[in-house]
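Read off the chains here:
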Amino acid sequence: MIKHKRKRSRYSRKLERSLQSIKKQEAKSIIIPDGLGGAIEIERLLLIEQGLLIIETYPMSGHLFGADHIDQWTQIIDGRSFKFTNPLHRIYNTKHALQLLAPKVPIFCRIVFSENSNFPKGKPSEVSVIRTLDEDLQGLAKEPSVNQLGEIAWERIIRIARTDGQSLLRDVKI
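Throughout what follows, the structure given in this document is the object of discussion.

Rules used in this analysis
Residue numbering note: each chain is counted from 1, following its sequence as written. The model is predicted, so local features are restricted to residues of pLDDT at least 70 and side-chain atom pairs to those at 80 or more, both for listing and for counting; the totals for chains, interfaces and linings are taken over all residues. Side-chain calculation: all heavy atoms of the structure are included, whereas hydrogens and water are not. The rule for pairing is simple: two strands pair if DSSP sees at least two bridges between them. Comment: elements are numbered from the N terminus, with helices defined as DSSP H or I runs of at least four residues and strands as E runs of at least two. Think of each axis as a best-fit line through the C-alpha atoms, taken over the contacting stretch in the case of a helix, with angles from 0 to 180 degrees between the N-to-C directions. Stacked, edge-to-face and tilted labels apply to pairs of Phe, Tyr and Trp rings (six-membered ring for Trp) whose centres lie within 6.5 Å, assigned for plane angles under 30 degrees, over 60, and everything in between, in that order. Buried residues are those whose accessible area, probed at 1.4 Å on protein chains only, stays under 20% of the maximum for their type, while exposed residues exceed 50% and partly exposed ones sit between those limits.

## A few points about the sheet that holds strand E9 (residues 127-129)
Spatial ordering of the open sheet is given by E1-E2-E3-E7-E9, a layout of 5 strands whose pairing is mixed. Each having just a single partner strand, strand E1 (23-33) and E9 make up the two edges of the open sheet. Adjacent strand axes in the sheet meet at a mean angle of 30°, parallel and antiparallel pairs treated alike. Taken together, the 3 bridges between strand E7 (residues 107-113) and E9 define a ladder with parallel strand orientation. When the bridges of E9 are listed, Phe-113 appears paired with Val-129.

## Notes on the packing of aromatic side chains
Taken as a whole, this structure holds 5 aromatic pairs when the rule is applied. When the ring of Trp-73 is compared with that of Phe-84, the centres are 6.0 Å apart and the planes differ by 70°; the resulting orientation is edge-to-face. In this pair, Trp-73 sits in strand E5 (residues 72-77) while Phe-84 sits in strand E6 (residues 80-85), placing the two residues 11 residues apart along the sequence. Taking relative accessible area as the criterion, Phe-84 reaches 13% and is therefore assigned buried. Measuring from ring centre to ring centre gives 6.2 Å for Trp-73 and Phe-119, while their planes differ by 85°; the resulting arrangement is edge-to-face. Of the two residues, Trp-73 is situated in strand E5 and Phe-119 in the loop between strand E8 (117-118) and E9; the sequence distance between them amounts to 46 residues. Relative accessible area serves as the criterion here: at 0%, Trp-73 is assigned to the buried category. Aromatic rings pair up to connect Tyr-58, Trp-73, Phe-84, Phe-113 and Phe-119 into one cluster.

All quantities given are derived from atomic positions and should not be read as evidence of function.
Written as structure tokens, this is what we have:
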């Protein structure tokens, strides 16, 4: 158990180091309207020079198999196979909800898996493992800056977002 906590904290430290250089502002575990009468939680939302960046973390290990348009992904660990819902569907729903609040600001997504995971058959472009996150985020630097527009959108999102204890639930219906 202690070993697991140590690995998780190392994962968290690596994630923080990777995001520190690009973030201007950050909000964690916020709830925004989903545009359909409900709400959706955002694990981490960053204001960056190029717009907004949604980060979802999945501290899973093993061989992972998935693609953009496949409903179920597979994790193989210790010779056993486990199915899990495609995390891209959720992050795309989050992106669409944010686009309603910040229609003129570019919104980027990144799903980050732990360093003990790999994608032997390739991974979707918006997916990273923690060891390649810095490299994967370098592409954002090539995007144009949206400084003032991003700041205005950020303030609006933060004003609308909730951060209360209900954010512990994934997709909350209000």
